[in-house]
Structure formats: C-alpha cells, structure tokens
Amino acid sequence: MSESSKSTEQERILALEARVNSLERQLKRQKSARKNAESFLETYSQDAYLANQALRKALNDSKKRERELLYLNRTASKLTQAKSAKSLIISALESAVEFSGAYCGKAFSVKNGKLCLGGDDRVLVDGQGWVTSHALSELMLKETPLELRESYSHWCVSVVTRPDTNQEARLLHFMHEMSEGQYTWLVLLTKDDHLEEETLYVLDTTKHYLNITSRYQNKKSELSIRQNELSRIKKDRDFLEERLVSADKMAMLGQLAAGIAHEINNPIGYVRSNTVVAKDIFNEYQRALDEIGGLCIVAGGEVEEKFLQLEKRFALRESASEITEMFDESQEGIERIIDIVKALRSFSYPSGGKYSEISAIEAMNTAIKLTNNLHKYRNNVVFDAPAEDVYFNGNSGQIQQVLVNLLTNAIHATPQDKKIELRIEKSEYNLFLIIDDEGEGMSQEVQNKIFTPFFTTKPVGEGTGLGMSISMTIIEEHNGKIDIVSDEGKGTKVTVVLPFI
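Residues numbered from 1 in each chain as written. Predicted model: local features only at pLDDT ≥ 70, side-chain atom pairs only at ≥ 80, totals over all residues. Heavy atoms only, no water.

A few points about the overall build of the chain
A count of helical and extended segments in the chain gives 12 helices and 14 strands. Out of the 501 residues belonging to the chain, those deemed buried represent 41%. Carbon and sulfur atoms form 49% of the exposed surface of the chain, whose accessible area is close to 27600 Å². (Helix = DSSP H or I, 4+ residues; strand = E, 2+ residues; numbered from the N terminus. Buried < 20%, exposed > 50% of the residue type's maximum accessible area, 1.4 Å probe, protein only. Areas by Shrake-Rupley, 256 points an atom, 1.4 Å probe, with all protein chains shown as cover.)

Written as structure tokens, this is what we have:
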C-alpha cells in the first residue's frame, strides 16, 4: 500500500475517532437531558395532582356554604310562618335535625314549673319522622337541665352513651325563654362522637331565629328588639356569604393552575419539536457511521481491524440502540405531559355552563389520566374502549368532574392489585359510562344513603360526603341518572346513564 493511501486511511481513522468522541459527548448530553426531563415530569405530575385536589376541595367548600345559606333562609321562612308556640318549636327542631344530620331530636317545654311538652316517648328521627323510643327519650330527658332558667349563649355539648348502640355520642341542647313562665329546650343526639365545630356555629342561628320569632309572636310591642335581632341575623348571613365568596376565590386557584398548564404548552412544544429533529439528525449520523463501517470492511486489513476494535471498544451499536430508545422514551414522556396538560385544562374549565358535543372515549381517558397518581402503583385500571366512539351533549367540565369522582371512589374502595374496569355501552337512546371495580362493595344501608349530602364512609378528615350528591345533581341536570349495583366483598358497578346524540 502506498504512503498516500496509508495517509488517507489514517485521516479516515482520525476522523472516525473524532466522530465517535462527538457521539459520546452527545450521548452524555442526552442522558443528562433525559434525567432532567424525568425530574420535570415527576414534579409537574405532582403539582397537577395537588392543583386538582385543591380545586375539588374548593368546590366542595363552596357547595357547603351554599347549603348553609339555604338552611338559614329555609329556617327563617318556616319559623316566621309558624302560627303557635308549639309549631314554632317543632319547626325549629325539624330544621336543626335535618341540617346537623343528627340521629334524632326532641323538644321540651316547662311552663310554671311543669313539663308541658316532651313528656312522651316520641323522638324525631332524621329521615323517619316521629318514632317511639322510651330509651332515647329517657336519656334526653335525664341529660337536659330543665331546672335552669337562664338562656344559653350557645348550644351546650355533653358526652353520652347511646342506649340503642352502646356507642359514645354527643348530646346538644339549648334553652330559650319563650314567654314569661315558659322555657323551651331543643335537644339533638348525634349518630356518633363526631361533631363539626362549624355545624355547631351555624346551628346557633336556629337559636337566633327562635328568639326573634317568639318575641315577635308574644311581644309585638317590642319592635325595636325585633329589629335588632333581625340585624344580627343579617350579619350572620353576610358573614356566611363572605365565606362563600372566599370559597369561590379558592376555586379560582384551580383556574390559575389551568392557566399555568396553558403556559407549559409552549416550552413543551419546543422540546417536542427539538426532540424529533434531534432524533432525525442522530439517525442520519448513524447511517453515515454504518456506511463508514462498510467502507472499512471493504477496505479490509488493518483498517477493518481497527474499525472493529473501535466499534467494540466504544460499543457503537449498543450505544446507538440505547440512544434510539432514549429518543423514543423522551418522545413518549413529552406526549404524556401534553396529554396531562390537556386533561387538566379540560377538567378546570367547565365550559361556562354551555353544552357541547363530548366524546365518551375522550372523557373516560381524561378521567384515567387525572387519577393516574392514585392508581398507577395500586390498581389495574383497564379501559375497554369501543371500536366506534359515542358522542353526547353536555358540559364537559361537569361530566369530567363526575367521572373523576366516581373513579376516585372506586380506587379508594379497591384493594391493591385488584382490577377496575371502565366500559362504554349504548342502547337505542342512551349511553352507559360504566366503572366496575373489584373492591369491598357496599351494604344496602350504605347504598340507601350514598347520595345523601355529608354522608361518607371514609375516615374523619378524608371525605366531605358531598361528592356523590354533587355528581347526582350534575347527571340529573343532564337528564340522566346514576345506577349502582354493589355486593359486599365482591365489588361495585356504577353506571352513568346519559342520552346521546
């Protein structure tokens, strides 16, 4: 071989070594970029989940404030329409039992030192009306200080043991002077030992209403006192309305999170575009390297041997395969971020109350993505999407809220490694969105109360008891319904029935 040929081959080898070194540096950069991308994705996923939780909590708080205001208005209306002292007392008791969710209640009146109301064995049970129970009536009579003659400033709370369950509960009571010589007590017995301080605070307004109305009925001449009490009630209502506005502001945090998600779209677009271009450039480099290798093999001899040594030394083929896999994983991660951002924006904006055409498949997929952090290491969530999509009219944000709530409930009720199956079915007129889990199931008693506001089977502090009632309200506004079939120890099947296009 001539000197010029050797010189040329040497130059090729040097150029090849330079290219290999360049590829090695690029590989290091790609590994670093992948690590940063994974870290960013993990942080963003956590932030998105926290923002979603904050939005749901703010919505629940807002609904709770609305319920409190409705209670205040309804109580004021019922009490002012009462025609006698007894009907006034019973109306106040009914409102207090219904709002507080107490197990039962009873009223006592003492006039001129004698018990004139509440001497029987009947108690007002929530959801059942007046029921005869000697044990409960005797407990309330025994624990109520009927000898007192000074009105309480607030409801008094004492710890008792319910005779029907032998479990600890709370007894709430207050006394009010109806007229000269007549004193009335309202008594509530809770279902268990749980009592929210805020509920107790709102119940205080019952005392205000009762006080105002009794004075109005028995002392019409005391107009100035009545106006002062009405002013106090208005202040209470204004305070609750201010808290409702505050809850709405909290809901705006969810919209802010959605805005941030929108801003993420642009840099993610750059990253996706650059990743695609970088992959194409790497593929071209790889093809060039393959051609160089082919030329070295054709040249044979020392050139071929040197090339094979370099290829083995730097693991060129393995590195190329790994880099290609890195590109694919990066692309997949970027697409996941884009899908999460899209799902979060869809969930955060309720479309201004307007109805639009909704894809059933997209709605199900979005619910799965929004709850991914809850089930990805816990349950096997399977969505059996139909070959042909089904469309229906509705508010996409509200429908998404319902599906996320139902899927979240299924995740919490389903043990680890058990399956949760999502399906879409249809009949001639209706669409069926089905969430079928292999969870713990529900008793008939729980099923009867599942849509009752503030009813929850979750531990204290982990659930508001409003999710299912809100979901039912939303679906009914869409002219649909929610069917639940559950078997204790085997699982629960929840079907959202909606009219489709």
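Next, the rest of the story.
Examining unusual backbone geometry
One non-glycine residue, Asn166, lies in positive phi territory at about 60 degrees. Classification of Asn166 as exposed rests on a relative accessible area of 62%.

What to know about the pairing of strand 2 (residues 114-117)
Here 3 bridges tie strand 1 (residues 104-111) to strand 2, and the two strands are oriented antiparallel to one another. Within the sheet, the bridge partner assigned to Ser109 lies in strand 2 and is Leu117. (Pairing = 2+ DSSP bridges.)

Regarding the packing of aromatic side chains
Per the stated rule, a full pass over the model turns up 0 aromatic pairs. The ring of Tyr103 is capped by Arg162, whose NZ or CZ atom sits 4.1 Å from the centre of that ring. (Phe/Tyr/Trp six-rings, centres within 6.5 Å; stacked < 30°, edge-to-face > 60°. Lys NZ or Arg CZ within 6 Å of the ring centre and 35° of its normal.)

A word on the sheet that holds strand 14 (residues 491-499)
One open sheet accounts for 5 strands, arranged 9-11-12-14-13; its pairing is mixed. Whereas interior strands pair on both sides, the edge strands pair on one side only; in this sheet they are strand 9 (380-384) and strand 13 (481-487). Pairwise comparison of adjacent strand axes, ignoring direction, gives a mean angle of 15 degrees for this sheet. Both strand 9 and strand 11 (residues 419-426) contribute to a ladder of 5 bridges, which runs parallel. Along strand 11, the bridge assignment pairs Asp384 with Arg423. Against the sheet, helix 10 (residues 396-413) touches strand 11, strand 12 (430-437) and strand 14, its axis set at about 25 degrees to strand 12. Packing of helix 12 (residues 467-477) onto the sheet brings it into contact with strand 13 and strand 14, and relative to strand 13 it is tilted by some 140 degrees. (Axes fitted to C-alpha atoms, helices over the stretch in contact; angles between N-to-C directions. Contact = heavy atoms within 4.5 Å.)

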